[in-house]
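Read off the chains here:
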Amino acid sequence: MHYEPKYVTICRMEPLRLYLFGSLNLERNGQPVEMDTRKALALLAVLALAGGDQQRDALTALLYPEADPTNARAAFRRTLSTLNGATGEGVLSIRREAVGVVKGSGLWVDVLEFRRLVQEPAHLENLDRAASLYRGDFMAGFNLRDSPAFDEWQYQQAEELRQLMIGCLDRLSALTAAVKNYPHAIEYATRRIGLDPLLEESHRQLMTLYARAGQRSAALRQYRECVRILEQELGVSPLEETTRLYQEILSSSPVSTHMPQDQAPKSNEIELPRTTMPVPMEVKSTLSAWPLVGRDKELVKLLDALHSATAGLFISLEGEAGVGKTRLAAEIVAAARAEGRVVAQACCYEGESGLAYAPIMASLGALLSQPALVGRLEQLPPTVLAEAGRLLPGLVAYPRAVSPEALPESPAAQARFYEALRQLADCLLGGAQPGLLLIDDLHWADLATLDLLAYLARRSQPGSFHILVTWRSHEALHQERLRQLQAEQQRAGRGLYLALRRLTEPEIGALARLLLPGASETDLSKLETRLYQESEGLPFIALEYLRSLDAHAAGWELPKGVRDLLHQRLQIPGELSRQLLTAAAVIGRSFDFATLQAVSGRSELETIAGLEELDRLGLIREGRERDYDFTHEKLRQVTYEETSLARRRLLHLRTGEALAAAGHGSREAVAWAGLAAGHFLQAGQPGRAAELYRLAGDQARRLYANDEALSAYQAALAAGHPDPAELHEAIGDLYTLLGNYREAIASYQAAAAFCTPACLSSLMHKLGEIYQRRGEWDAAEGHYQAALDAAGENGSPAWLAHLYADWSLTAYRRSQLELARRLSDQSLQHARHAAGPGALAQALNIQGILSRAGGALDEASRYFQSSLEDANRTNDLRMRCAVLNNLARLLQERGRPAEAIPLAREALDLCIRIGDRHRQAAIQNNLADLYHQAGQDAQSLIELKQAVALFAEITQEGLQDYPEIWKMTEW
């Protein structure tokens, strides 16, 4: 009997095929080769792409980084044995020191074949074969959670191959388009977008191909898809180049809808109606609530959303000035009230963006004036009423409330303040039929209001009220923050965003027909064309033109521009009304009865009569509680500009005095201090303005409105406040939180130039912390020493504990561990004798950092837990944030990312409330690592993008100068 040698059987085995694109798979003869360990597959992938023998020690470290050397080598031997048994003899070259894939072994790898094809000359057949091999991202869905180095290698390979694929698809698209094979060119361009949907160039390429293929509708749809993706993922609009391409495609319709040039009428040849066409009296009374035209789809969508929502919605209406956002919102408000829902509404105003929480104060304050709702306050604890009373002083008089002054001041106060306002709003607006909070013209809102709205929206739950906001495109003071808030709620499934378009010519005509029911069709047809040309589809301007018709009943012409129209409307017959309107224009867009009476110098009866006349003329509108608004800002601007300078200064002085007197000695005086200060400055009294700006800054800082506080303090300095040292120091504190370290240093240095020796040590300490954040170690330690020298024998134990803790952190970050331990011990020694909050927590925290660095993880955990207990006991928000972040890092080091993520997220929430942008970026960067370690790469990328954006803003002086800013991970 003849026996065939065993090696002959092996040689006849089918060659292996390794698929690395998409799901990782090893096949022989079309059947998967089973292996009982993922690391064997990972090892094969590394060896197959390495192109040569690899050192055993390097491979062992790659796959088993956390094991000790002996156990790691044993584990690697077992993995290698498993892999060798699965592949069969002749595939792997296994030697004592190195391992590799035998050349000519027959192992086929899709990635190697892909690289060969794309690196050859750009031949259509080769590129198409290469593209067909790319079944998905490199090793998609595969990871080794205990091997960060392997994950990094896998990530780098995936990115390199994705870029090669993008280039391959680019060349394929170009080659097929060159021969006008547009279907295939479109297919390749579509695949390219799938690889990187945020790349606008890809969208433009596909739009162009669709247009060349005659698929104009598809090209326009692709632009809309581009807009959707950029808005949803990044909260931005397309580049001008993309929009311009869209407009070119849009205007290239093969069937023109325009009239031939020689038949088109000139603008000045459009004959206006000459018939007598007075505006009926019933039209005058309804112009303030004009018929809703062209908004049927939006209205249905909004009402359906409100009726089907299981929790509070955040609804955003965006559009340019005069497009009808407020009118559509008014329709929703009317529908909500008809259904028995409670509605709170307020408006933001230009020039009042420095007044923190103004629309929240106005809307909730109006609800508290309704007796039917006040009874609901019985549901709220006294402490909630007291916290909300910081913003709404009327709550303090409620029988069950306690005074806000009785509440403890601590870094956690902002959290209590926000939560109290949420509970108050839910109490007044929530229920079986959830109410509605409307904030109109949110583009003029302050940052504090936006932050509070974000807090309310994030914590929406079943039965919570809905939030409806309107804002103007491209005019928002904090447009990115608004878009971020809007996108955040859409991603959470609680947001509804509508961008209102302009009305078409037929819709403008329909509006005119509804308001002029007695006019002939001939006159209306002529009017429709001219009205659309003048208004360009903006309902507000069209309505203003229609309103002017009454003044020219005997044979009128429409004015050429809105300014002319406003001049006509401002021709007020009575001297009393003109004086009141001038005074109101100086006060501002919104004004109350008492202030107007005081500024105008008129009696109560005269003021009432004048306001009634102005209301009848449609120049102002009356709200609740005897407050008033101009019907349009342009009306106020024209009135103000045409008032003499001397009269304006007098009226500004009267306004400042009226605002200050109205709230003197009360909490409202602080809230309106910034407005009064601005009027005193315009009146030529900078001294009084400076004091009020300082008062406004202090109030904004107490309410955690950091940007508003910064603006107020800077205004106080510019007005010549007599205490520049304290103002500069306060400004430095705010710049530190905002991450603007260059300005923070300049402010602290300016404060040091004005301050007394007693406060110099504190400033030197703060400067040291700034330099430590920037990684300028010598400068940081020099300032800590200067702080110690300036304090002399007068340094309190609490201050010394903080100083030595910060100094220890600086030594630790520059790897001077022995010095760091000595300083940390000194911090702990002083902290045990300190009376102030935070000292012990910080000292224990730095001990934990050093223990973790030395590998004593259990000891580090005990220090962190003790630090957290002290921070909780003293309500130290800053230290709670730091310790939670450090505990999360400790759990990450122990390979427990699922437990670490909630701690890091809590730390992030606290840091955002504090407003410390640099540390917020650091925590989000840590979170990105945790999510990656937990296998949640999509969320990891979100956190990483946000962290990088924040880091980039903070490193405005340049990454090459301060790289340590990017390395902050703990403190």
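Just above sits the structure.
Here's what I pulled together on the structure shown here. (Residues numbered from 1 in each chain as written. Predicted model: local features only at pLDDT ≥ 70, side-chain atom pairs only at ≥ 80, totals over all residues. Heavy atoms only, no water.)

### Considerations on the packing of aromatic side chains
Worth spelling out the cut-off: Stacked, tilted and edge-to-face are the three classes assigned to paired rings of Phe, Tyr and Trp, where Trp is represented by its six-membered ring and a pair needs centres within 6.5 Å; plane angles under 30 degrees give stacked, over 60 edge-to-face, the rest tilted. Strands here mean DSSP runs of E at least two residues long; helices mean DSSP runs of H or I at least four residues long; both are numbered from the N terminus. Buried residues are those whose accessible area, probed at 1.4 Å on protein chains only, stays under 20% of the maximum for their type, while exposed residues exceed 50% and partly exposed ones sit between those limits.
With the rule as written, the count across this model stands at 15 aromatic pairs. Consider the rings of Phe21 and Phe114, whose centres lie 5.2 Å apart with planes at 75 degrees: the pair is edge-to-face. Separated by 93 residues along the polypeptide, Phe21 in the loop between β1 (16-19) and β2 (25-28) and Phe114 in helix α5 (residues 110-119) bring together distant segments of the chain. With relative accessibility at 0%, the residue Phe21 sits in the buried group. Under the relative-accessibility criterion, Phe114 is labelled buried at 0%.

### Regarding unusual backbone geometry
Phi at Asn29 is positive, roughly 55 degrees, even though this residue is not glycine. Inspection of the secondary structure puts Asn29 in the loop between β2 and β3 (31-32). In this structure Asn29 comes out as exposed when scored by relative accessible area, which is 56%. At Ser815, a position not held by glycine, the phi torsion is positive, near 70 degrees. Judged by relative accessible area, which is 60%, Ser815 ranks as exposed.

### Description of the pattern of salt bridges
Rule in force here: Salt bridge, as used here, is a side-chain nitrogen of Lys or Arg placed within 4 Å of a carboxyl oxygen of Asp or Glu.
With the rule as written, the count across this model stands at 50 salt bridges. The partner of Arg192 in a salt bridge is Asp170, and the shortest N-O contact between them spans 2.4 Å. Of this pair, Arg192 sits in helix α8 (residues 182-195) while Asp170 sits in helix α7 (residues 148-178), and the two are 22 residues apart along the sequence. Using a relative accessible area of 5% as the deciding quantity, one classes Arg192 as buried. One salt bridge connects Asp909 with Arg913, and the closest N-O pair in it is separated by 2.5 Å. Residue Asp909 and its partner Arg913 are both found in helix α43 (residues 897-914); the two are separated by four residues, about one turn of the helix.

### Comments concerning the pairing of β2
The line we're drawing: One requirement defines pairing of two strands: DSSP has to find at least two bridges between them.
Here four bridges tie β1 to β2, and the two strands are oriented antiparallel to one another. Its bridge partner being in β2, Leu16 is matched across the sheet by Arg28. Between β1 and β2, which pair antiparallel and follow one another directly, the connecting turn spans five residues, one of which, Gly22, has a positive phi of 75 degrees. Inspection of the sheet shows β2 paired to β3 by two bridges, in the antiparallel sense. Counterpart to Arg28 in the pairing with β3 is Gln31. The hairpin turn running from β2 into β3, its antiparallel successor, is two residues long, and Asn29 in that turn takes a positive phi close to 55 degrees.

### With respect to the sheet that holds strand β8 (residues 314-319)
Operational definition: Angular values range over 0 to 180 degrees, each being the angle between N-to-C directions of two axes fitted as lines to C-alpha atoms, with helices fitted over their stretch in contact.
Here we have five strands laid out as an open sheet, ordered β9-β10-β11-β8-β12, and parallel in their pairing. Of all the strands in the sheet, the pair left with one neighbour each is β9 (343-347) and β12 (495-499). The sheet shows a mean angle of 15 degrees between the axes of neighbouring strands, direction not considered. The pairing of β8 with strand β11 (residues 466-472) spans six bridges and is parallel.

### Re helix α33 (residues 706-718)
Rules: Here, expected helix span is obtained from the residue count minus one, scaled by 1.5 Å.
In this model, α33 (13 residues) spans 18 Å end to end at C-alpha, consistent with the 18 Å of a helix rising 1.5 Å per residue. When α33 is considered as a whole, its buried residues turn out to be Asn706, Glu708, Ala709, Leu710, Ala712, Tyr713 and Ala716. Within two residues after α33, Gly720 carries a phi angle of roughly 90 degrees, on the positive side.

### Comments concerning the environment of Gly623
Positionally, Gly623 belongs in the loop between β14 (620-622) and β15 (627-630). Along the backbone, Gly623 and Ser590 are 33 residues apart, and their C-alpha atoms lie at a distance of 9.9 Å.

### Here we look at a nonpolar patch on the surface
Heads up, the rule is: Patches here are clusters of residues that have more than 30% relative accessible area and form no salt bridge, with a 9 Å joining cutoff for like charges and a 5 Å cutoff for nonpolar side chains (Val, Leu, Ile, Met, Phe, Trp, Tyr). Per-residue and other accessible areas follow the Shrake-Rupley method at a 1.4 Å probe size, with only the shown protein chains counted as cover for residues.
A surface patch of nonpolar side chains, amounting to about 220 Å² of accessible area, comprises Leu941, Leu944 and Val948. Counting through the fold element by element, Leu944 comes out in helix α45 (residues 937-954). Its relative accessible area of 34% is what places Leu944 among the partly exposed residues.

### A short note on the pairing of β11
Our working definition: When the strands point away from the viewer and the connection leading from the first strand across the helix to the second strand turns clockwise, the crossover is called right-handed.
Most of β11 is tucked away, with seven of its seven residues classed as buried. Where burial is concerned, the two faces of β11 agree: the one with His466, Leu468, Thr470 and Arg472 and the one with Ile467, Val469 and Trp471 are both buried. Bridge count between strand β10 (residues 436-440) and β11: four bridges; the pairing is parallel. Each residue of the ladder has a partner; that of Leu437, found in β11, is Ile467. Viewed along the sheet, the connection from β10 through helix α19 (residues 447-458) into β11 turns out right-handed.

### Brief notes about the sheet that holds strand β4 (residues 54-55)
As a reminder, the rule being used: Every residue pair with non-hydrogen atoms within 4.5 Å of one another is taken to be in contact.
Sheet architecture is open: three strands sit in the order β4-β6-β5, paired in antiparallel fashion. In this open sheet, the two strands that pair with only one neighbour each are β4 and β5 (92-94). Note: β4 against strand β6 (residues 98-101), two bridges, orientation antiparallel. Each bridged residue has a counterpart across the sheet, and for Gln55 the counterpart in β6 is Ala98. Most of the contacts of helix α4 (residues 69-87) go to β5, to which it runs at about 145 degrees, and overall it touches β5 and β6.

### Topic: the packing of helix α32 (residues 686-702) against α33
Note the following rule: With respect to orientation, any angle under 35 degrees is reported as roughly parallel, any angle over 145 as roughly antiparallel, any angle of 65 to 115 as roughly perpendicular, and every other angle as oblique. Each crossing gets its handedness from the near helix: less than a right angle anticlockwise from the far helix is left-handed, clockwise is right-handed.
The N-to-C vectors of α32 and α33 enclose an angle of 160 degrees; their axes lie 8 Å apart at closest approach. Classed by the angle they form, the pair α32 and α33 counts as roughly antiparallel. Taken as a pair, α32 and α33 cross one another with a handedness that is left-handed. Between α32, through Ala690, Tyr693, Arg694, Ala696, Gly697, Asp698, Ala700 and Arg701, and α33, the contact on the second element is made entirely by Glu708, Ala709, Ala712, Tyr713, Ala715 and Ala716.

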